[in-house]
Amino acid sequence: MSKVLLLAGDGIGPEIVTEAEKVLVLLNEKLNLNLDLDHAKVGGSAIDEFGVPLPDSTLDKAKAADAILLGAVGGPKWDALDMAIRPEKGLLGLRSNLELFGNLRPAILYPQLADASSLKPEIVSGLDILIVRELTGGIYFGQPRGVRVLESGERQGYNTYVYSESEIRRIGKVAFEAAQKRGGKLCSVDKANVLEVTVLWREIMDDMAKDYPDVELSHMYVDNAAMQLVRAPKQFDVVVTGNMFGDILSDAAAMLTGSIGMLPSASLDVNNKGMYEPCHGSAPDIAGQGIANPLATILSVAMMLRYSLNENAAADLIEKAVSNVLDQGLRTADIISKGLTKVTTAEMGDAVIEALNKL
Ligand code: NAD
């Protein structure tokens, strides 16, 4: 029996996780996956009920689970709270407590959605990039941090950008191995012309490359990488980078595919236990309207089945069902274009279920 914990979170989180859960429940029955599903609160909804974004009861369940599906956390309702108990702290707390250091973010352009991209179809069609982002270190976690008052009386905000050699090697291994399984190309993104921490990052990636002769390693400064991603994104296969650069570049890569509502992600520990979530946030601007795209969350379930639960056949079925639904011309508002059928969140979920039942 494998335990799966569902954390719906805030904003559109409950709407999209409901659709993903339907898919999990169906496959659990259909393929006898022997999954035990449980639920808990995190983020703003946990603050409302327990006063903290990551209650102990949620963390205990997360530790006991083999895999976690998260919707998204955050929203304007909690924006005025102290930084230490903001919804996002729930997410960061899960990532650090479970040591989910390896974030895999595929940016794949479904041929059916070539028109939804803001770039010309010839620049993006067939796009298939994997961004490997370090998730538990770097400037988002470095100490010291805070806002202090200088002798002059002026306030100064500060953070610390730090990576140890072992942290760099750990994420490097994930990236080199991913490149071996894909097109054999790895681009390491840094800012080694300015930041010492990334000089070390580059040095270690070069050293590791000796153990992966089948992978072609290149380096790129982050500003150039941002430019190349929108100029000629198909030059990339696997990209590895630190927490902050990865945060920004993966969102840009997401947009190349037409909608952030289409992209899943995985965050893995050393044993491939993982937390799976869509790349997007809680979309408060459309929450409660039933129009969010649930496909990124449904595709996150496919990644979960593949990376943490070793159920490749079930993962393939989900990806095929999603592709079939797109073939039928069904689109949520974020990916709609002329002549296609606009559907709600629940209708999209139901269409995936129907497609799965036909496979
Ligand atoms: P966002 O990703 O929530 O939204 C950006 C835009 O994309 C919005 O216009 C939104 O409507 C749209 N969008 C996002 N997901 C969509 C979907 N599934 N279907 C259709 N449209 C979708 O980013 P934001 O607006 O910067 O952040 C909103 C809140 O989410 C903030 O509180 C932020 O802190 C939080 N956030 C959470 C996570 C997470 O939980 N992993 C990640 C990023 C942001």
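Residues numbered from 1 in each chain as written. Predicted model: local features only at pLDDT ≥ 70, side-chain atom pairs only at ≥ 80, totals over all residues. Heavy atoms only, no water.

Caption draft 1: Looking closely at the side chain of T136. Topologically, T136 is positioned in the loop between strand 5 (128-134) and strand 6 (146-149). When its relative accessible area of 15% is taken as the criterion, T136 is described as buried. Within polar-contact distance, the side chain of T136 engages the side chain of R170 at 3.5 Å. Once you skip the residues sitting within four places of it in the chain, T136 turns out to touch R95, S96, E99, L100, F101, F141, E167, R170 and N243. (Helix = DSSP H or I, 4+ residues; strand = E, 2+ residues; numbered from the N terminus. Buried < 20%, exposed > 50% of the residue type's maximum accessible area, 1.4 Å probe, protein only. Polar contact = N/O pair within 3.5 Å; in protein donor to acceptor, adjacent residues only side chain to side chain. Contact = heavy atoms within 4.5 Å.)

Caption draft 2: Geometry of the pattern of salt bridges. Using the criterion set out here, one finds 20 salt bridges in the structure. In this structure, the salt-bridge partner of K22 is E19, at a minimum N-O distance of 2.6 Å. Placement of the pair is K22 and E19 together in helix 1 (residues 13-30), with a separation of 3 residues, close to one helical turn. The exposure class assigned to K22 is partly exposed, which follows from its relative accessible area of 27%. Between R306 and D316 there is a salt bridge, and its shortest N-O distance comes to 2.8 Å. With R306 in helix 10 (residues 295-307) and D316 in helix 11 (residues 312-327), this residue pair connects regions lying 10 residues apart in the sequence. Look at R306 and you get partly exposed, because its relative accessible area is 24%. Residue D316 is classed as partly exposed on the basis of its relative accessible area of 43%. In this structure, a network of salt bridges that share partners links the residues E165, R169, D207 and K210. (Salt bridge = Lys/Arg side-chain N within 4 Å of Asp/Glu carboxyl O.)

Caption draft 3: Spotlight on the domain arrangement of the chain. One can read the domain layout of the chain as domain 1 (1-103 + 265-359) and domain 2 (128-256). Using C-alpha coordinates to define each centre, domain 1 is positioned 25 Å away from domain 2. Each side of the interface is counted separately: domain 1 has 11 residues, and domain 2 has 11 residues. For the pair domain 1 and domain 2, the summed buried area comes to about 1,000 Å², and 64% of that belongs to carbon and sulfur atoms. It is R95, F101 and N103 that lose the most area in domain 1 upon contact with domain 2, and together they represent 59% of the buried surface on that side. If you look at where domain 1 meets domain 2, you find 1 salt bridge. Of the charged contacts, one joins R170 and E99 as a salt bridge, the two residues approaching to 3.7 Å between their closest N and O atoms. Scanning the region where domain 1 abuts domain 2 turns up 2 residue pairs in polar contact (both at pLDDT 80 or more). Going through the elements one at a time, helix 4 (87-97) and strand 4 (102-108) are the ones with two or more residues in the side of domain 1 that touches domain 2. With 3 residues, the top contributor of residues to the side of domain 1 that touches domain 2 is helix 4. Class assignment of the residues belonging to the side of domain 1 that touches domain 2 gives a composition of 5 nonpolar, 4 polar and 2 charged. (Domains from an automatic or database assignment. Buried area = accessible area lost by both parts, 1.4 Å probe. Nonpolar A, V, L, I, M, F, W, Y, C, P; charged D, E, K, R; others polar.)

Caption draft 4: Looking closely at the state of the cysteines. Scanning all chains against the criterion turns up 0 disulfides. We note that C187 lacks a disulfide partner, and the nearest cysteine sulfur, in C279, lies 19 Å from it. You can call C187 buried: its relative accessible area is 5%. Looking at C279, the relative accessible area reads 8%, which means it is buried. (Disulfide = S-S within 2.5 Å.)

Caption draft 5: Inspection of the sheet that holds strand 4 at higher detail. With mixed pairing, 10 strands are arranged side by side in an open sheet as 2-1-3-12-11-4-5-10-8-9. Every interior strand has two partners, whereas the edge strands, strand 2 (35-40) and strand 9 (216-221), have only one. Neighbour-to-neighbour, the strand axes of this sheet turn through a mean angle of 20°, independent of strand direction. Looking at chain direction, strand 4 and strand 5 are connected through 7 bridges and run antiparallel. Bridge pairing links P106 to L130 in strand 5. The sheet strands contacting helix 8 (residues 222-231) are strand 5, strand 8 (185-190) and strand 9, and the helix crosses strand 9 at an angle near 105°. Contacts from helix 9 (residues 243-256) reach strand 4, strand 5, strand 8 and strand 10 (238-241) within the one sheet, and its direction differs from that of strand 5 by about 155°. (Pairing = 2+ DSSP bridges. Axes fitted to C-alpha atoms, helices over the stretch in contact; angles between N-to-C directions.)

Caption draft 6: Representation of the site of the ligand in the model. As a matter of local geometry, the ligand sits amid 20 residues, with V73, E88, G281, A283 and D285 nearest to it. In the model, a nitrogen atom of the ligand is placed 3.1 Å from a nitrogen or oxygen of the E277 side chain. Contact between the ligand and S282: an oxygen atom at 3.0 Å from a main-chain N or O atom of the residue. Here the ligand, which alone exposes 810 Å², has 67% of that area covered by the protein. Of the residues in the shell around the ligand, the class split is 9 nonpolar, 7 polar and 4 charged. (Near = heavy atom within 4 Å. Areas by Shrake-Rupley, 256 points an atom, 1.4 Å probe, with all protein chains shown as cover.)

Caption draft 7: Main features of the packing of helix 11 against helix 12 (residues 345-358). Put simply, helix 11 and helix 12 touch, their axes get as near as 8 Å, and they point 115° apart. Seen from above, helix 11 lies across helix 12 with right-handed handedness. Contacts between helix 11 and helix 12 involve L317, I318, A321, V322, N324 and V325 on the former and, on the latter, M348, A351, V352, A355 and L356. Class assignment for the residues of the contact of helix 11 with helix 12 results in 10 nonpolar, 1 polar and no charged. (Left-handed = near helix turned anticlockwise from the far one by under 90°.)

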